[in-house]
There are 2 protein chains.
Amino acid sequence: MARNPLISIVSAGLSKFGKREGLSGRELFVEAALEAFGKCPKLDPKKDIQALIMGQMSESFEHQGHTAPTLSDWAGLLPAPAIRIETACASSAAAIRYGIMAILSGIYDVVMVGGVEKMTNRATAEVTEYLAMAADFPFEQWNGVTFPGLFALMATAHMHRYGTTEEHMASVAVKNHHNATLNPKAHFQREVNVEKVMESRVIAWPLKLYDCSLVSDGAGCAILTRPELARRYTDAPVQVIGSGHGSDTIGLYEREDYTTLKSVKIAAKEAYGKAGITAREVDIAEVHDCFTIAELIAYEDLGFCGKGEGGKLIEAGETKLDGNIPVNMSGGLKAKGHPIGATGLAQLYEVFLQLTDQAEGRQVDGCNIGLTENVGGSGASCFVHIYEEG
Amino acid sequence: MARNPLISIVSAGLSKFGKREGLSGRELFVEAALEAFGKCPKLDPKKDIQALIMGQMSESFEHQGHTAPTLSDWAGLLPAPAIRIETACASSAAAIRYGIMAILSGIYDVVMVGGVEKMTNRATAEVTEYLAMAADFPFEQWNGVTFPGLFALMATAHMHRYGTTEEHMASVAVKNHHNATLNPKAHFQREVNVEKVMESRVIAWPLKLYDCSLVSDGAGCAILTRPELARRYTDAPVQVIGSGHGSDTIGLYEREDYTTLKSVKIAAKEAYGKAGITAREVDIAEVHDCFTIAELIAYEDLGFCGKGEGGKLIEAGETKLDGNIPVNMSGGLKAKGHPIGATGLAQLYEVFLQLTDQAEGRQVDGCNIGLTENVGGSGASCFVHIYEEG
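Residues numbered from 1 in each chain as written. Chains lettered and ligands numbered in written order. Predicted model: local features only at pLDDT ≥ 70, side-chain atom pairs only at ≥ 80, totals over all residues. Heavy atoms only, no water.

**What about the overall build of chain A?**
Phase 1: What chain A contains, in helices and strands, is 14 helices and eleven strands.
Phase 2: Its C-alpha radius of gyration of 19 Å places chain A within 12% of the 21 Å reference for a compact globule of 390 residues.
Phase 3: With the C-alpha coordinates of chain A rotated into their principal frame, the extents come out at 55 × 45 × 40 Å.
Phase 4: For chain A, buried positions account for 69% of its 390 residues.
Phase 5: Of the contacts made within chain A by residues no fewer than 6 positions apart, 77% connect residues no fewer than 24 positions apart.
Phase 6: Accessible area of chain A: about 12100 Å², with a carbon and sulfur share of 52%.
Phase 7: Between the centroid of the 35 positive side chains of chain A and the centroid of its 48 negative side chains there is a distance of 2 Å. (Helix = DSSP H or I, 4+ residues; strand = E, 2+ residues; numbered from the N terminus. Rg over C-alpha atoms; globule rule 2.2 N^0.38 Å. Buried < 20%, exposed > 50% of the residue type's maximum accessible area, 1.4 Å probe, protein only. Contact = heavy atoms within 4.5 Å. Areas by Shrake-Rupley, 256 points an atom, 1.4 Å probe, with all protein chains shown as cover. Lys, Arg positive; Asp, Glu negative; His and termini not counted. Charge placed at Lys NZ, Arg CZ, Asp CG, Glu CD.)

Structure follows, in structure tokens:
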């Protein structure tokens, strides 16, 4: 039994990520839900699940808001009441945190948390516009800045101050693409090398095409309960031992430092404190690599290395599958795909598989403690969760 | 001290509702927040408020998602972490419920809950389209049905089965318009009579222009804490003694009965049960009169009268300010206005004023227990809260 668990995860499911033509967001959610139900035969979904808390970034992709009761209906959970949480790209990590609170509050004993986004039905210009809504309208969007541009500002600041190179960033893409070849649910299952990344076209310098995460369709879910009830449903629960949430200004223009995300540091501090551990005790992590620079900054803000040493950490191979602290075993947003509202849940799913020895070709041996870090927008929101096996 | 309170409300604020030209949603939220802070001088917002949980229906009106950290920033609360909840027109009642859970969970001691919507910057056709996103895309929106049409289906079914008349519905408008003349924050402060409602142009028969709520700008907020801490901040808290949440199918086409909202009955049952009271003990209520028929159905589903007797209840004048169970003292969505994401908070605000004897010209004497009922879409979501003075 893990140290002082907040709640237990008794099952989890994830749709295949990718261009899922002909399937709507709600259908992808059913795909994820059926996996979670199938893995947990002792649970009667309609009888046992008392609420659904789900994340979705945007109503615009499918011209569909009020998504939460729709998913509760399609997954066969009604009358289980449902809400949608939106914190941009961190929407489903927010759902995890408020799912935990819903149980700790004593109101519910068993809740499903979920996340979904359908994106590939839209043209690239539409996708860019809808995503940009997570940046500040009057002071960012209105001036034409979109997310590659915002993260490019962080990248150039990091390069200038710490000597981080384009090759360091490319190495993140190489690692995560490799990991994705071992993940059958990943969107993009092809290796890349540093040269290929460096030669790809510039999106917002220094970020090139292969520094950017993918536009994907996908959905995920997990079933949470109180630790004392978990063994009713499974012999191999995963415990959530830490949860943290930080917010910061939506606009980069209001921040003092572009080389760090304050919301990540706040969320990590809360999560580590709750879990009673330090970064050194984390065995594996899924972090928010929406752009390659974001993974390097995450290493630093989460304490996997010192400030400015993210480039060195990837260079030393420490975050590869066989490194000291494997990061983005799933392929990350970079290569597994980034269906926005599903990403937080997909991170949980990977850690759930790893801690229960179900990650097959990409399994990290002997891992006991996992961490997920999910960032909204350019860092106005961040959620960190820490998990322990059994 | 109230019976078994869940949490305490120590302050609340509401912006003026209406066509607030030149002001953005975040600025309206600051207007509401400053009122709440001003009413509670013992609270240090930046130091004491640990999280913000807010509701907003749509990112489309202002081309702005990721609203929650933006509001935390503009209201001076950062680094207080923030989330947005969306359950269509019930978004900020959802924020209230999850604000309660956040406190009950032990994670936070003091949270702000809020809601906002900026709507009047858009043309009528855009407003109709954005609101329709809360209906089912493939099976409702796609067929051209919008909300007046959906509620017209409920109205005709109710007329057919129970003999409810257009005049009954018009009487709801007359009452709520009268109440709004006594509310300086109401959008529309003009009396109407039954003839005027009956002569107004048909929107979706039997619903006419004056049967429909208003498109408005507005924001609201409240500050919640645990009952044992409330007296640190105020001598006159209001206690939340019951909370309930129900969900139903998003599509009307999936329901057996158009004359009742199942989600309301589920939410009411949970809230009454938690409070340990019955409908008879409710002194005042703010209910979701997005269309006049919705108020009549709410009387029935909340147990203020028997099934099918909503028309008789309004006819008897029982829900007027001087009636047995005054409803929508504020003017309701009908005349105070319906800035979607702010409506749940505006209902709380009115009950807060009434139970603390601050409702001036529309004060109901001797009220001790108040109820709010906030519905999302055509009833796929509903939240009921019950409040008691001191």
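Still more ground to cover, so stick around.
**Quick word on the pairing of strand β4 (residues 110-117) of chain B**
Residue and element names in this part refer to chain B.
Phase 1: With eight of its eight residues buried, β4 lies for the most part within the structure.
Phase 2: Alternating positions in β4 separate into two faces, Val110, Met112, Gly114 and Val116 on one and Val111, Val113, Gly115 and Glu117 on the other, with burial throughout.
Phase 3: Bridging between strand β2 (residues 51-55) and β4 involves five bridges; their strand directions are parallel. Bridged to isoleucine 53 within β4 is valine 113. (Pairing = 2+ DSSP bridges.)

**Considering the pairing of strand β4 (residues 110-117) of chain A**
Phase 1: For β4(A) and strand β7 (residues 218-225) of chain A, the ladder comprises eight bridges, and the chain directions are antiparallel. Paired with Glu117(A) across the bridge in β7(A) is Gly218(A).

**As for the packing of aromatic side chains**
Phase 1: Scanning all chains against the criterion turns up ten aromatic pairs over all chains.
Phase 2: The positively charged end of Arg26(A) is found above the aromatic ring belonging to Trp74(A), 4.3 Å away from the centroid. (Phe/Tyr/Trp six-rings, centres within 6.5 Å; stacked < 30°, edge-to-face > 60°. Lys NZ or Arg CZ within 6 Å of the ring centre and 35° of its normal.)

**What to know about unusual backbone geometry**
Residues and elements named next belong to chain A.
Phase 1: Between tryptophan 205 and proline 206 the backbone carries a cis peptide bond, its omega angle lying at 10°.
Phase 2: Tracing the backbone through its elements, the reader meets proline 206 in the loop between β5 (202-204) and β6 (207-208).
Phase 3: Of note, the phi angle at glutamate 360 is positive, near 45°, even though the residue is not glycine.
Phase 4: By the element assignment, glutamate 360 lies in the loop between α14 (343-355) and β10 (369-376).
Phase 5: Since its relative accessible area comes to 63%, glutamate 360 is described here as exposed.

**Some remarks on the relation of the copies chain B and chain A**
Phase 1: Superposing chain B onto chain A requires a rotation of 180° together with a translation of 0.0 Å along the rotation axis, leaving an RMSD of 0.0 Å. Interpreted geometrically, this transformation is the action of a two-fold axis. Relative to the rotation axis, the closest C-alpha in chain B is found at Ser105(B), a distance of 1.9 Å.
Phase 2: Take the interface residues of chain B: 100% of them recur as interface residues in chain A, which is what a same-surface contact looks like. (Least-squares fit on C-alpha atoms with pLDDT ≥ 70 in both.)

**Let's talk about the interface of chain B and chain A**
In many analyses, interface size is given as the accessible surface area lost on bringing the parts together.
Phase 1: Listed per partner, the contact involves 60 residues of chain B and 60 residues of chain A.
Phase 2: The contact between chain B and chain A buries some 4600 Å² in all, and 57% of this surface belongs to carbon and sulfur atoms.
Phase 3: Viewed at the interface, chain A and chain B are joined by four salt bridges.
Phase 4: Summed over the shared surface of chain B and chain A, the result is 31 residue pairs in polar contact (both at pLDDT 80 or more).
Phase 5: Elements with a minimum of two residues in the side of chain B that touches chain A: α3 (67-74), β3 (82-86), α4 (91-104), β8 (238-247), α9 (262-275) and β11 (381-389) of chain B. (Buried area = accessible area lost by both parts, 1.4 Å probe. Salt bridge = Lys/Arg side-chain N within 4 Å of Asp/Glu carboxyl O. Polar contact = N/O pair within 3.5 Å; in protein donor to acceptor, adjacent residues only side chain to side chain.)

**Observations concerning the pattern of salt bridges**
Phase 1: This model, assessed by the stated rule, comprises 38 salt bridges over all chains.
Phase 2: Close ionic contact of Lys47(A) with Asp48(A) constitutes a salt bridge, the shortest N to O distance being 3.4 Å.
Phase 3: One salt bridge in this structure joins Arg84(A) and Glu86(B), with 2.8 Å as the shortest N-O distance. Separated into two different chains, Arg84(A) in strand β3 (residues 82-86) and Glu86(B) in strand β3 make up a pair that spans both.
Phase 4: Taking the relative accessible area as the measure of exposure, Arg84(A) reaches 0% and is therefore buried.
Phase 5: Here the salt bridges share partners, and the residues they tie into one network are Glu35(A), Lys39(A) and Lys185(A).

**Details of the environment of Thr146(B)**
All names here are of chain B.
Phase 1: With respect to the helices and strands, the residue threonine 146 is situated in the loop between α5 (124-132) and α6 (147-162).
Phase 2: Considered as a pair, threonine 146 and methionine 329 are 183 residues apart in the sequence and their alpha carbons are 28 Å apart.
Phase 3: For threonine 146, the residues in contact, after removing those within four places along its chain, are Thr128 and Ala132.

**Some thoughts on the confidence of the model for chain A**
All names here are of chain A.
Phase 1: For chain A, per-residue confidence averages 97 on the pLDDT scale, and 99% of positions sit at 70 or higher.
Phase 2: Taking the mean pLDDT of every element in chain A, the minimum, 95, falls on helix α5 (residues 124-132) and the maximum, 99, on strand β9 (residues 284-286).
Phase 3: Among the scores for the predicted complex, ipTM is 0.98 and pTM is 0.98. (pLDDT = per-residue confidence, 0-100.)

**Re helix α7 (residues 166-181) of chain A**
All names here are of chain A.
Phase 1: Compared with an ideal rise of 1.5 Å per residue, which puts 16 residues at 22 Å, α7 spans 23 Å between its outermost C-alpha atoms and is within 8% of the ideal.
Phase 2: Residues Glu166, His168, Met169, Ala170, Val172, Ala173, Lys175, Asn176, His177, Asn179 and Ala180 constitute the buried set of α7.
Phase 3: Contacts made by the buried residues of α7 are with α6 (147-162), α8 (194-199), β6, α11 (292-301), α12 (310-315) and α13 (332-335). (Expected span 1.5 Å × (residues − 1).)

**Some details on the environment of Ile100(B)**
Phase 1: One can find Ile100(B) in helix α4.
Phase 2: Sequence separation between Ile100(B) and Val375(B) is 275 residues, and the spatial gap between their C-alpha atoms is 18 Å.

**Quick word on the side chain of Thr70(B)**
Phase 1: In this structure, Thr70(B) sits in helix α3.
Phase 2: A residue is classified by how much of its surface remains accessible, and Thr70(B), at 1% relative accessible area, is buried.
Phase 3: One polar contact links the side chain of Thr70(B) to the main-chain carbonyl oxygen of His66(B), over a distance of 3.1 Å.
Phase 4: Setting aside chain neighbours within four positions, we find Thr70(B) in contact with Ile250(A) and Arg26(B).

**Quick look at helix α1 (residues 25-38) of chain A**
Residues and elements named next belong to chain A.
Phase 1: Taking 1.5 Å of rise per residue, the 14 residues of α1 would be expected to cover 20 Å, and the 20 Å separating its terminal C-alpha atoms lies within 8% of that figure.
Phase 2: Of all 14 residues in α1, ten are buried, a share of seventy percent or more.
Phase 3: All buried positions along α1 are accounted for by Gly25, Arg26, Leu28, Phe29, Val30, Ala32, Ala33, Glu35, Ala36 and Phe37.

**Structural notes on the side chain of Arg84(B)**
Phase 1: A polar contact is formed between the side chain of Arg84(B) and the backbone oxygen of Gln56(B), at a distance of 3.2 Å.
Phase 2: Within the structure, Arg84(B) has its side chain in polar contact with the backbone oxygen of Met57(B) (distance 2.9 Å).
Phase 3: When sequence neighbours within four positions are dropped, the list of residues in contact with Arg84(B) reads Glu59(A), Arg84(A), Ile85(A), Glu86(A), Thr87(A), Met54(B), Gln56(B), Met57(B), Ser58(B), Glu59(B), Thr67(B) and Ala68(B).

**Side note on the packing of helix α4 (residues 91-104) of chain A against α14(A)**
All names here are of chain A.
Phase 1: Relative to each other, α4 and α14 sit at 65°, their axes nearing to 5 Å. Each of Ser92, Ala93 and Ile96 in α4 lies in contact with α14, whose residues at this interface are Thr343, Gly344, Leu345 and Leu348.
Phase 2: Among the residues making up the contact of α4 with α14, the classes are represented as four nonpolar, three polar and no charged. (Axes fitted to C-alpha atoms, helices over the stretch in contact; angles between N-to-C directions. Nonpolar A, V, L, I, M, F, W, Y, C, P; charged D, E, K, R; others polar.)

**A few points about the packing of α6(B) against helix α10 (residues 292-301) of chain B**
Residue and element names in this part refer to chain B.
Phase 1: Relative to each other, α6 and α10 sit at 60°, their axes nearing to 10 Å. Considering the angle they form, α6 stands oblique to α10. Handedness of the α6/α10 crossing: left-handed. Contacts between α6 and α10 involve Phe151, Met154, Ala155 and His158 from the former and Ile293, Ala294, Ile297 and Glu300 from the latter.
Phase 2: Along the lines of polarity and charge, the residues of the contact of α6 with α10 split into six nonpolar, one polar and one charged. (Parallel < 35°, antiparallel > 145°, perpendicular 65-115°, else oblique. Left-handed = near helix turned anticlockwise from the far one by under 90°.)

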